[in-house]
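Examining the three-dimensional arrangement
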Amino acid sequence: MKARVLFVVVLMIALSVSSRLCAQKHSIGMNPDGSGWMGIQNGDNGEETVFPLSEKTFGFVLNVAVEEFIDAGIRGNMTYNRFQGDEKEVALYQAALEMTPEQIARLALKQNEVEEGLSSTAYQSWERLPGFDALSEENAAALEVEFRDSLRYTLELQQAALDEVLTPQQKQTLNEMELFGGLSSSPKDALCPNLNAYHALDLSEGQQTELDKIHDEFRREIQGNTLSLLEDFKAIAVKINNAREISKEEQEKLMTELSDVMGKRMEKSLELKNRITARVHGILTPEQLARFEKIVAEWPAKMEKLQEEWQAREDAKKPEDDEWKKSWNPGDPVPEGAVPPRSPRKAFPMM
């Protein structure tokens, strides 16, 4: 088995934790040797120019991105991404929230406006990242501040777009889904808890204050655990890359090592999540706890029904049913139950 093939397995697992930044026109990811790359899409033709990032620069980007994304996830500022995943996932969220075709079209238009706005503002700091190594200590520190601000601005702008489209009831339903774990098969799969989702339980001002304290108490620990996990994956990926060929025995050994690393880190993540959940539940009233348990108990059946309905629509779909996508533009009407097209991205450009 080629080293690169096994590396892709490692990379895909690592990236699923949150090591990749991706937007319509910018993307950042890791190479087999531990260095990185940044892709910038040119215009609307889908072509992408890829710039190399040194291991030092990629490490800097990874650390900042994980810290900011974890913080945003805890604060509930990542739910915008629920409407940017694969077509099935987006369709299920649309159905769960009972979004109208008008809302779906409006959100697609807002997403396009967000990307266009970010291309002329926040993403400019991204385009200076390839030169990070050559910067003085002072200029490197300034770029870090600018890069962090750009990520926060991006996440806030994206979330504001979603909030503008959804009704209060839909936001309530989305929070309930987040309490359950989103589209995960079980709430235990959501290893980074969205504390903002507890607003589905009608928190008081005092409880919100306590929730903020819990966020501040555990934020660094969650970030550190995630970065440690990615560093472990990276070490294995580099080890694989350094091997010209991997025998079946070596392959099994590395996969066992990867499995052990993943198992230990996931156990720690789950233990951490359980501690956070226990702290949060400690500030809830008996009535709120009962509502939480009811939400967690009811959502599996709801998600199963939504998936069955989606599959039935897919099975009944005909080739001509997608003809509308060829001439569709952001803001145009979207057929009921359909998902607006997204600009194609090269998720893993192997060099």
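Reference entry: report on the structure contained in this document. In this text the structure is predicted, and so the values were computed from the model without any measurement. (Residues numbered from 1 in each chain as written. Predicted model: local features only at pLDDT ≥ 70, side-chain atom pairs only at ≥ 80, totals over all residues. Heavy atoms only, no water.)

Overview of the overall build of the chain
This is how the line gets drawn: Strands here mean DSSP runs of E at least two residues long; helices mean DSSP runs of H or I at least four residues long; both are numbered from the N terminus. A 1.4 Å probe rolled over the protein chains alone gives each residue an accessible area, and that area as a share of the maximum for its type sets the label: buried under 20%, exposed over 50%, partly exposed in between. We call two residues contacting when some pair of their heavy atoms lies within 4.5 Å. Here the accessible surface of atoms and residues is derived via Shrake-Rupley with a 1.4 Å probe, and residues count as covered only by protein chains that are part of the display.
When helices and strands are counted, the chain shows ten helices and four strands. Each of the 351 residues in the chain was classed as buried or not, and the buried ones make up 45%. In the chain, once contacts between residues fewer than 6 apart in sequence are set aside, the share between residues at least 24 apart is 74%. Total accessible area computed for the chain in this model is approximately 17600 Å², and 51% of it derives from carbon and sulfur atoms.

Notes on helix α10 (residues 286–316)
Filter applied, for reference: Any helix carries an expected span of 1.5 Å times its number of residues minus one. Take the seven residues that end at a residue and the seven that start at it, fit an axis to each, and the angle between those axes is the bend at that residue.
Between the first and last C-alpha of α10 there are 46 Å, a value that for 31 residues agrees with the 45 Å anticipated at 1.5 Å per step. In α10, a bend of some 30 degrees at W299 exceeds every other bend along the element, and P300, a proline, comes one to four places later. Of the positions making up α10, those classed as buried are Q288, F292, I295, V296, W299, M303, L306 and W310.

Quick notes on the packing of aromatic side chains
Applicable threshold: Any two rings among Phe, Tyr and Trp, with Trp reduced to its six-membered ring, count as a pair given centres within 6.5 Å; such a pair is stacked if its planes are under 30 degrees apart, edge-to-face if over 60, and tilted if neither.
Under the counting rule described, the total for this entry stands at four aromatic pairs. Between the aromatic rings of F60 and F132, the centroid separation amounts to 4.2 Å while the plane-to-plane angle is 10 degrees, which identifies the pairing as stacked. Placement of F60 in helix α2 (residues 55–75) and of F132 in the loop between α5 (123–126) and α6 (137–165) is noted, with a sequence separation of 72 residues between them. This pair shows no difference in class: F60 is buried, exactly as F132 is. Ring geometry for F83 against Y93: centres 5.8 Å apart, planes inclined by 55 degrees, an arrangement best described as tilted. In this pair, F83 sits in the loop between α2 and α3 (87–96) while Y93 sits in helix α3, placing the two residues ten residues apart along the sequence. We classify F83 as buried; its relative accessible area is 4%. The buried category is assigned to Y93, whose relative accessible area is 2%. One aromatic cluster is present, formed by F60, F132 and F147 through successive ring pairs.

Things to note about the side chain of E176
Filter applied, for reference: We treat Lys and Arg as the positive residues and Asp and Glu as the negative residues; His and chain ends play no part in the count. The working definition used for a salt bridge is a side-chain nitrogen of Lys or Arg within 4 Å of a carboxyl oxygen of Asp or Glu.
Mapped onto the secondary structure, E176 falls in helix α7 (residues 168–180). There is no salt bridge for the buried E176, and the closest opposite charge comes from K302, which lies 4.6 Å off by N-O distance. Apart from residues lying up to four places away in sequence, E176 is in contact with A200, I295 and W299.

Some thoughts on the packing of α2 against α6
Each pair of packed helices can be summarised by the angle the axes make with each other and by the distance between the axes. Formally: Working convention: axes come from line fits to C-alpha atoms, limited for helices to the stretch in contact. Angles between N-to-C directions cover 0 to 180 degrees. Crossing handedness: left-handed means the near helix sits turned counterclockwise from the far one by under a right angle, and right-handed means the same turn made clockwise. For this classification, Asp, Glu, Lys and Arg are treated as charged, while Ala, Val, Leu, Ile, Met, Phe, Trp, Tyr, Cys and Pro are nonpolar and the rest, including Gly, are polar.
At their nearest, the axes of α2 and α6 sit 10 Å apart, and the two run at 35 degrees to each other. As for the relative orientation of α2 and α6, their crossing is right-handed in sense. Taking contact as the criterion, the partners of F60, V61, V64, A65, E67, E68, F69 and A72 in α2 are, on α6, E144, F147, R148, L151, R152 and L155. When its residues are assigned to classes, the contact of α2 with α6 shows nine nonpolar, no polar and five charged.

Overview of the pattern of salt bridges
A full pass over the atoms with the stated rule returns 21 salt bridges. Residues E67 and R220 are paired through a salt bridge, measuring 3.9 Å at the closest nitrogen-oxygen approach. Of the two residues, E67 is situated in helix α2 and R220 in helix α8 (residues 205–241); the sequence distance between them amounts to 153 residues. Residue E178 pairs with R82 through a salt bridge whose shortest N-O separation is 2.9 Å. A residue pair is termed long-range when its members are at least 10 positions apart, and E178 in helix α7 and R82 in the loop between α2 and α3 qualify at 96 residues. Exposure remark for E178: the relative accessible area of 10% places this residue in the buried category. Residues joined in a network through salt bridges with shared partners are E67, E68, E144, R148, R152 and R220.

Details of the packing of α3 against α10
Rules: Here the angle decides the label: under 35 degrees means roughly parallel, over 145 means roughly antiparallel, 65 to 115 means roughly perpendicular, and every other value means oblique.
Contact geometry of α3 with α10 gives a least axis separation of 10 Å together with a crossing angle of 120 degrees. Judged by the angle between their axes, α3 and α10 are oblique. By crossing handedness, the relation of α3 to α10 is classed as right-handed. Taking contact as the criterion, the partners of K88, A91, L92, A95 and A96 in α3 are, on α10, W299, L306, Q307 and W310. Of the residues assigned to the contact of α3 with α10, the class counts are seven nonpolar, one polar and one charged.

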